[in-house]
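Structural characterization, general
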Amino acid sequence: MADANEEAWWAKTKGLMYICLAIWAVFGYIIHLFVGPLNNIVIFGFPLGFYMAAQGSLIVFVVLIFLYSYRQDAIDRAHGVAEED
Amino acid sequence: MATQQGGGSDFINNLGKIYGLYTGGFAAFVILLALLEQVGVPDQYLGFMFVGFTIVVYAMIGILSRTMQVSEYYVAGRTVPAFYNGMATAADWMSGASFLAMAGTLYLLGYDGLAFVLGWTGGYVLVAVLIAPYLRKFGAYTVPDFLAARFGGNLARFLGIIVLLAASFTYVVAQIRGTGLIAERFLGIPYDIGVFVGIAGILLCSMLGGMRAVTWTQVAQYIVLIVAYLLPVVIMSAQRTGVPIPQLMYGEALQAITSLEQSMVANGLAEAGTVKEHLQPYQTYDPVNFFALIFCLMIGTASLPHVLMRYFTTPSVREARRSVGWSLLFIFILYFTAPAYAAFGKWEVYENVIGKGLADLPEWVYIWGSAGKVKICGAAAASLEAVQQACAGKEVVGLADFSIAKDVVVMATPEIAGLPFVITGLVGAGGLAAALSTADGLLLAMANALSHDIYYKMLDPNAPTGRRLVMARIILFGVAILGAFTATLAPPDILKLVAWAFSLAAAGNFPALCLGIWWKRCTTQGAIAGMIAGFGVTLAYLIYTAAPPLGFANPPIFGIANISAGIFGLPVGFIVMILVSKMTPEPSAEMQKLVDDVRRPKGEVIAHGGAEAKQ
């Protein structure tokens, strides 16, 4: 396997990792810093700040992991480092 | 052996059918018990059948999954599909306390309790992105196995084992205690005997088949626990709001709670400033502690060996990644329901208990009062007379007069909703499944580290397969018995140590796992120094601040609560690891190649000389 190919693959893998961690940080922490103002928005009886901690961020985490696994698999395949099916 | 493997793949191909039948059978069993209740079978027999039947089924799965192959015993032959591994991980992860006490914590703390919901879910993003797929590729049997290969052998292995035992032992004692308490409640047998009944159930599930048996029982246990968790609150939601989707409908409960909170002060039921408003942040934790707790729980999740080892069992790296997604989805189903439980429970209490005359209390108050779980005016609300005596001179129940144990918010929901006892029995079976499945995973993680890492890798590397597997079982048995004795004999203070597990695991394991995979320049000396420093600082802070007899009760530094001690240990671990690595010569070309191989999904597993397939 060409080293250049492997380096490009690892650079993309790292890029994806940083993106995922950034989204994780936003929904794990940053958005909850704004719980006060968000609580002024009420949807179906849920103040938004409370909702984000009780459900919203959790939904983002679940979706994020599935998207990550599909995206990483696509990167692996494009560079020929994926496992055989 | 060939036929056994053929049988294995038949089994894998038919998983949908098998667990579909199992779920149908369980539903039929619940309906049967409901009918028996209608014809007058006493509650105690029903409880006995619930607990007995489910334990027998788990044990049967355990016995059917027996094996004499090393890779089957340690990693279920690496054949567990992502979806089912997700269920097993969810059961492994969600403890008896998650099942019974999480909703109660949210009831008591309101918004601040959501730190636990966030912390115990968000960590899976780190598991998926940073750690699990790479450990799967490496092909370890245990987490210390990877640390040894990456960081120069047995010293790193030994440190990994210390972290693993520190994070797992008190945790498993809490689970064993949970099984004993549930057996006591539903079988009416003394707690001490209940503990050993629970241990027998756990050993039957795990001893003969190791990881393989634990995997398939955990899937079965997940199905029981999630059905048991959802059913009562779904019915309650339908009764209260007309829609059986509590997770969407509890907004109504939140609004009702808020307006009742305000009217309580106006009606003289609570003094101004004493009402902990359910939706308002930072009434228990200050913002710094709220976020520090989320952080420690998340990193801890990504460092707990009994969770990480579940991803060693998938057929491929690709499936390991996807499996983390399934795990979190299955965990999410419970964790996004817990706040709904808390809200519906609080609505009931604020509407039908607080402000009511002593003679008008709902029936469930006395049912759980007799068990000492509901107190009014400081005394167990066992009967109307008991309440009247305790509240001498008072006409109505004020907010400060009422208190409820954390685990009752879930357990009392069937009675609050006026459901038959069979639903209470189902909740008990669910709590038992949650405690047993977590205990299975923890015991196996500890026993595997002792049998694979200490016995085989450090003491007797030439042991033949048969002897290794016999030793593995003897050690598993020994750890289980030690756990049971601790649960019956040790002072209850030991349960406080459970809260330490996350910070200790985070500071001890996370920097080494993370940098071991993502930073080739990390050296053996760096990793060892970092693990000792991170773990040591965390442990020191825990002991420095904990209440006696566990510690010295010193005032917290920067106001950081004991439970978030990892907030000090983690950065120390990372910094020491990086600095010492920079000061020591870079790892050999061979080691750097190993890191490359760990990162690249393609190719054979690396551990055990890649010889696993031939065993």
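Just so it is clear, the structure is predicted and the values come from calculations on it, not from any experiment.

Time to look at the overall build of chain A. Within chain A, the regular secondary structure consists of three helices and two strands. Projected onto its principal axes, the C-alpha coordinates of chain A cover approximately 55 × 25 × 10 Å. Looking at chain A residue by residue over its 85 residues, the buried ones come to 31%. When contacts within chain A are restricted to residue pairs at least 6 apart in sequence, those whose partners lie at least 24 apart make up 57%.

Secondary structure summary: chain B contains 26 helices and three strands in total. Taking 25 Å as the expected radius of gyration for a compact globule of 615 residues, we find that chain B reaches 25 Å, a close match to that expectation. C-alpha extents for chain B along the principal axes are approximately 80 × 55 × 45 Å. Looking at chain B residue by residue over its 615 residues, the buried ones come to 57%. Within chain B, counting contacts between residues at least 6 apart in sequence, those at least 24 apart form 81% of the total.

To continue, consider unusual backbone geometry. A positive phi angle is found at Phe 44 of chain A, which is not glycine, with a value near 50 degrees. Looking at the element boundaries, Phe 44 of chain A is found in the loop between strand E1 (42-43) and strand E2 (46-47). Positioned with a positive phi, Phe 558 of chain B is a non-glycine residue whose angle comes to about 55 degrees. Relative to the helices and strands, Phe 558 of chain B is located in the loop between helix H24 (524-545) and helix H25 (566-583). Residue Phe 558 of chain B is classed as exposed on the basis of its 9 C-beta neighbours within 10 Å.

The next subject is the sheet that holds strand E2 (residues 379-380) of chain B. Residues and elements named next belong to chain B. Ordered in space as E2-E1-E3, the three strands form an open sheet in which the pairing is antiparallel. Across the chains shown, the open sheet's two edge strands, defined by having one partner strand only, are E2 and strand E3 (402-404). Inspection of the sheet shows strand E1 (residues 374-376) paired to E3 by three bridges, in the antiparallel sense. Paired with Val 374 across the strands is Ile 404, a residue of E3.

Counting 240 residues, the largest nonpolar core has Ile 65 of chain A together with Val 125, Ile 131, Leu 135, Leu 225, Leu 443 and Met 446 of chain B as its most contacted members. When residues of this core are assigned to their parent elements, the largest contribution, 19 residues, is made by helix H21 (residues 421-459) of chain B.

Let us now look at helix H8 (residues 143-150) of chain B. Residues and elements named next belong to chain B. Counting buried positions along H8 yields eight of eight residues, so the element is predominantly enclosed. Looking at H8, one finds that the buried residues are Val 143, Pro 144, Asp 145, Phe 146, Leu 147, Ala 148, Ala 149 and Arg 150. Contact partners of the buried residues in H8: helix H7 (114-138), helix H9 (154-187), helix H14 (305-308), H21 and helix H23 (500-518). The first or second residue beyond H8 is Gly 152, which carries a positive phi of 65 degrees.

Attention now goes to the interface of chain B and chain A. Quoted interface sizes are often the accessible area lost when the parts come together. At the junction of the two partners, chain B supplies 36 residues and chain A supplies 32 residues. Mapped onto the side of chain B that touches chain A, the elements with two or more residues apiece are H7, helix H12 (246-266), helix H13 (287-301) and helix H15 (317-335) of chain B. Take the side of chain B that touches chain A: its biggest share by element is ten residues, from H15 of chain B. Residues of the side of chain B that touches chain A, tallied by class, amount to 23 nonpolar, six polar and seven charged.

All names here are of chain B. Taking 1.5 Å per residue as the helical rise, helix H3 (residues 43-64) with its 22 residues ought to reach 32 Å, and the 32 Å between its terminal C-alpha atoms agrees with that figure. Taken as a whole, H3 has its buried residues at Leu 46, Gly 47, Phe 50, Val 51, Thr 54, Ile 55, Tyr 58, Ile 61 and Gly 62. The buried residues of H3 occupy one face: seen down the axis, they fall within an arc of 150 degrees. Along H3, the residues that are exposed and aim more than 90 degrees away from the buried face are Gln 44 and Val 56. In this structure, the buried side of H3 is in contact with helix H2 (15-38), H9, helix H10 (191-206), helix H11 (210-241) and H21.

All names here are of chain B. Locating Ala 501 in the fold gives a position in helix H23. Here the alpha-carbon distance between Ala 501 and Thr 170, two residues 331 residues apart in the chain, equals 7.8 Å. Ala 501 has contacts with Ala 167, Thr 170 and Tyr 171, leaving out every residue within four places of it along the chain.

This part covers the packing of H9 of chain B against H10 of chain B. Residues and elements named next belong to chain B. Relative orientation of the contacting elements H9 and H10 amounts to 115 degrees, with a least axis distance of 7 Å. Handedness of the H9/H10 crossing: right-handed. Seen from H9, the contacting residues are Ile 176, Thr 179, Gly 180, Leu 181, Ala 183, Glu 184 and Leu 187; seen from H10, they are Tyr 191, Gly 194, Val 195, Val 197, Gly 198 and Ile 199. By residue class, the composition of the contact of H9 with H10 is eight nonpolar, four polar and one charged.

Overall, the predicted model of chain B reaches an average pLDDT of 91, with 97% of residues at or above 70. Scored as a complex, the prediction yields pTM 0.94 and ipTM 0.96.

Okay, the environment of Val 498 of chain B next. Residue and element names in this part refer to chain B. Take Val 498: it is sitting in the loop between helix H22 (465-489) and H23. Judged by the 19 C-beta atoms lying within 10 Å of it, Val 498 is partly exposed. Ignoring any residue separated from it by four or fewer positions in sequence, one finds Val 498 in contact with Thr 170, Tyr 171 and Ala 174.

Glancing now at the confidence of the model for chain A. Considering every residue of chain A, the mean pLDDT works out to 94; 98% of them sit at 70 or more. Confidence, expressed as mean pLDDT per element, reaches its minimum in chain A at E1 of chain A with 93 and its maximum at helix H3 (residues 48-78) of chain A with 97.

Residue and element names in this part refer to chain B. In this structure, Ala 512 sits in helix H23. On the neighbour-count criterion, Ala 512 (30 C-beta atoms within 10 Å) is buried. Separated by 149 residues in sequence, Ala 512 and Glu 363 have C-alpha atoms that sit 54 Å apart. Setting aside anything within four residues of it in sequence, one finds Ala 512 in contact with Leu 147, Ala 527, Gly 530 and Met 531.

To continue, consider the packing of H2 of chain B against H21 of chain B. Residue and element names in this part refer to chain B. In the contact formed by H2 and H21, the axes pass within 9 Å of each other and the chain directions differ by 140 degrees. By the angle between their directions, the pair H2 and H21 is classed as oblique. For the element pair H2 and H21, the recorded crossing hand is right-handed. Residues Val 30, Leu 33, Ala 34 and Glu 37 of H2 pack against Phe 421, Val 422, Gly 425 and Leu 426 of H21. Of the residues assigned to the contact of H2 with H21, the class counts are six nonpolar, one polar and one charged.

Thresholds applied
Residues numbered from 1 in each chain as written. Chains lettered and ligands numbered in written order. Predicted model: local features only at pLDDT ≥ 70, side-chain atom pairs only at ≥ 80, totals over all residues. Helix = DSSP H or I, 4+ residues; strand = E, 2+ residues; numbered from the N terminus. Buried ≥ 20, exposed ≤ 12 C-beta atoms within 10 Å, placed from the backbone. Contact = placed C-beta atoms within 7 Å. Rg over C-alpha atoms; globule rule 2.2 N^0.38 Å. Pairing = 2+ DSSP bridges. Core = buried A, V, L, I, M, F, W, Y, C linked by C-beta atoms within 7 Å. Nonpolar A, V, L, I, M, F, W, Y, C, P; charged D, E, K, R; others polar. Expected span 1.5 Å × (residues − 1). Arc of directions from axis to C-beta. Axes fitted to C-alpha atoms, helices over the stretch in contact; angles between N-to-C directions. Left-handed = near helix turned anticlockwise from the far one by under 90°. pLDDT = per-residue confidence, 0-100. Parallel < 35°, antiparallel > 145°, perpendicular 65-115°, else oblique.

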